[in-house]
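In case you want the letters, here they are:
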Amino acid sequence: MRRRATTTLALFLVGCTPPSDPEPETPTEPTPAIAPAFANPAEADDLDPATGILSVRLVAEDVELDVGGESVSGFAYNGQVPGPTLRASVGDTLRVELENRLAVATTIHWHGVDVPYAMDGATWQLDPVGPGETFIYEFILGEAGTFWYHPHFDTERQVDRGLYGMLIVEDPDEPEADAELVLVFDDWGESTDPDEEGDGGANHGHGAALPDPWLVSGLVGPEAVVPAGSVLRLRLLNVSNAAYADVSWPGLRQIATDQGLLPALEEPSSILLAPGDRAEAELLVGAERVELTSSAYSLNGGATPGDPTLLMSVTPEGEADAPAGLDWPWPGGTPSDDVPWTDLIYVFQGDPLTGEWLINGETYPDVTVRELPLNSDVYVTVRNLSPTEHPFHLHGHSFEVVSVGGVPSPRRTIEDTVNVRIREDLRLRLIADNPGDWMTHCHILPHAHGGMMTVLRVLDAR
Ligand code: C2O
Ligand code: CU
């Protein structure tokens, strides 16, 4: 029996007025735009009452998504898009029973988490979870931060169709905000043809096409109504296959990036979220309504002409001044110095016209596996010689960004996904402390699909 799942994915008609009467008795008032009420994606139920373990069940299945009144086929975890948010504490064990009710094989990859290789969901030398099969993922959550999960098999198509969710690992030493907003940005308009099979099944703009609209946790332009005077913790994640979100709002206070708290509070004018990127911010709600927008940013070279698009708004309820920021346990720390050598280099090349994308002249899966001894401390150069930007992502590890385009990082920057601009060199410091065969790829999924993916083997000392 196939259940028709309800989802939060919906497009709303805004400001629709009926055709006007030639001689109206009263002047027609424009219908006010109705923004859907923001809601966080539902969290997964913990099936194990013991503390120290989060045990959940995720069922991957076909769903019909309601998009502007039209029914579109998609994929979902537990019938919802985004999938259930998984919330645990640092040091907890995460146990996930994945039941695959899709007609195709799938996996779950734990993006940003240093899992053992067998739990990584990558299918390099490992089988995916076939239709009708169940697989149990189990590992310890060693770092606090905002992570996510998604398939790593036919990834471009499966993520595009709705298989993604946020994994939040809390640190008990961090103060509690009054409320948390889980903001999962997706680029609606990628899955234009639900019946398209096989090769991608997605239609991504490689040109100047900018996402319009952006979906925020499944909603278009939602409004969060919150008490004035509250402190919100915002967790931001870009799950789009290919679109960049360059997010800003007045009074932006960034507290974290891919791998947990920044060394100290930062107040940038915007946060660039390449596909796969995460960030966290605190929003101090005063009397003013705050609009979160994304400015026009193209993988063809960054800022580009075009108006910012509204992502969502936060509307205060009641009267109160903006509160002070929370007392975050800033880790501080100084950035590592860059060094005059390279242990590993990744050169990105490719052609948007042919859709062929290379790392070091090779296209996945015909790649040379590079090997590193366990616990080696290496400097990596990521060099982008291609005509588009690429978010570089490495599995199983986080790394420190020591310089960008020859400029040393102003602060200690720990990431697992980092954007490389056109003709730019990134320098990374990597401690290869997790044995396994780790996928190393561009997180623009059509690029990864087109071959921009390789494997880094960290040898097991035993
Ligand atoms: Cu988000 Cu190789 O993955
Ligand atoms: Cu790319």
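Further up the page is the structure itself.
Residues numbered from 1 in each chain as written. Chains lettered and ligands numbered in written order. Predicted model: local features only at pLDDT ≥ 70, side-chain atom pairs only at ≥ 80, totals over all residues. Heavy atoms only, no water.

(A) The arrangement of the coordination of the copper ion (ligand 2) in detail. Around the copper ion (ligand 2), the protein contributes the donor atoms H390 (ND1), C442 (SG) and H447 (ND1), at 2.0 to 2.1 Å from the metal centre. Between consecutive donors of the copper ion (ligand 2), the numbers of intervening residues give the motif H-x51-C-x4-H. Of this pair, H390 sits in strand β26 (residues 390-394) while C442 sits in strand β32 (residues 436-442), and the two are 52 residues apart along the sequence. On the accessibility criterion, H390 (0% relative accessible area) is buried. Given the relative accessible area of 0%, C442 is considered buried. (Donors = N, O, S within 2.8 Å, 3.2 Å for Na, K, Ca; no water. Helix = DSSP H or I, 4+ residues; strand = E, 2+ residues; numbered from the N terminus. Buried < 20%, exposed > 50% of the residue type's maximum accessible area, 1.4 Å probe, protein only.)

(B) Structural view of unusual backbone geometry. A cis amide bond, omega -5°, links V81 with the succeeding residue P82. Mapped onto the fold, P82 is located in the loop between β2 (70-77) and β3 (86-89). Within the chain, S217 stands out as a residue other than glycine whose phi angle is a positive 50°. Considering the arrangement of structural elements, one finds S217 in the loop between β10 (214-216) and β11 (223-227). One non-glycine residue with positive phi stands out, namely N375, at about 70°. Residue position: N375 is located in the loop between β24 (370-372) and β25 (376-384).

(C) The pattern of salt bridges, seen in detail. Scanning all chains against the criterion turns up 25 salt bridges. As a salt-bridge pair, R87 and E170 come within 2.7 Å of each other at their nearest N and O atoms. Of this pair, R87 sits in strand β3 while E170 sits in strand β8 (residues 165-170), placing them 83 residues apart in sequence. Across the salt bridge formed by D258 and R278, the nearest N and O atoms sit 3.5 Å from each other. Of this pair, D258 sits in the loop between β14 (253-257) and β15 (260-266) while R278 sits in strand β17 (residues 278-284); the two residues are 20 residues apart in sequence, bridging distant segments of the chain. One exposure class covers both D258 and R278, and it is buried. Linked through salt bridges whose partners overlap, the residues forming this network are E43, R87, E170, E174, E180, R233, R235 and E280. (Salt bridge = Lys/Arg side-chain N within 4 Å of Asp/Glu carboxyl O.)

(D) Layout of the sheet that holds strand β21 (residues 309-317). With respect to topology, 5 strands assemble into an open sheet ordered β11-β21-β18-β13-β16, the strand pairing being mixed. A single partner strand is all that each edge strand has here, and the edge strands are β11 and β16 (271-273). Averaged over all pairs of adjacent strands, the angle between their axes in this sheet comes to 25°, without regard to strand direction. In this sheet, β16 lies alongside strand β13 (residues 245-248) in antiparallel orientation, the contact comprising 3 bridges. The partner of D246 across the bridge, within β16, is L272. (Pairing = 2+ DSSP bridges. Axes fitted to C-alpha atoms, helices over the stretch in contact; angles between N-to-C directions.)

(E) Quick look at the packing of aromatic side chains. Within this structure, the stated rule accounts for 13 aromatic pairs. Ring geometry for Y117 and W438: centres 5.6 Å apart, planes at 90°, overall edge-to-face. Of this pair, Y117 sits in the loop between β5 (109-111) and β6 (134-140) while W438 sits in strand β32, and the two are 321 residues apart along the sequence. Neither Y117 nor W438 differs from the other in exposure class; each is buried. Taking the centre distance of 5.9 Å and the plane angle of 80° together, the rings of W341 and Y379 count as edge-to-face. Taken as a pair, W341 in the loop between β21 and β22 (344-351) and Y379 in strand β25 lie far apart in primary sequence, 38 residues in all. Put simply, the rings of Y77, W110, F135, Y137, F139 and Y149 pair up and form one aromatic cluster. For the cation-ring pair, R161 lies above F75, with the distance from its terminal atom to the ring centre recorded as 4.9 Å. (Phe/Tyr/Trp six-rings, centres within 6.5 Å; stacked < 30°, edge-to-face > 60°. Lys NZ or Arg CZ within 6 Å of the ring centre and 35° of its normal.)

(F) Focus on the nonpolar core. Among the nonpolar cores identified, the biggest contains 38 residues, and Y346, V380, V382, F392, F399, L428 and L430 are the most heavily contacted of them. In contact with F392, not counting residues within four places along its chain, are Y346, F348, V382, F399, D416, T417, V418, V420, L428, T440 and H441. (Core = buried A, V, L, I, M, F, W, Y, C linked by side-chain atoms within 4.5 Å. Contact = heavy atoms within 4.5 Å.)

(G) Structural context of the side chain of N241. Assignment of secondary structure puts N241 in the loop between β12 (231-238) and β13. A polar contact is formed between the side chain of N241 and the backbone oxygen of E156, at a distance of 2.9 Å. (Polar contact = N/O pair within 3.5 Å; in protein donor to acceptor, adjacent residues only side chain to side chain.)

(H) The side chain of H441, seen in detail. For H441, the location among the structural elements is in strand β32. Residue class for H441 comes out buried when judged on its relative accessible area of 1%. Within the structure, H441 has its side chain in polar contact with the side chain of H152 (distance 3.4 Å).

Read these as geometric descriptors, not functional statements.
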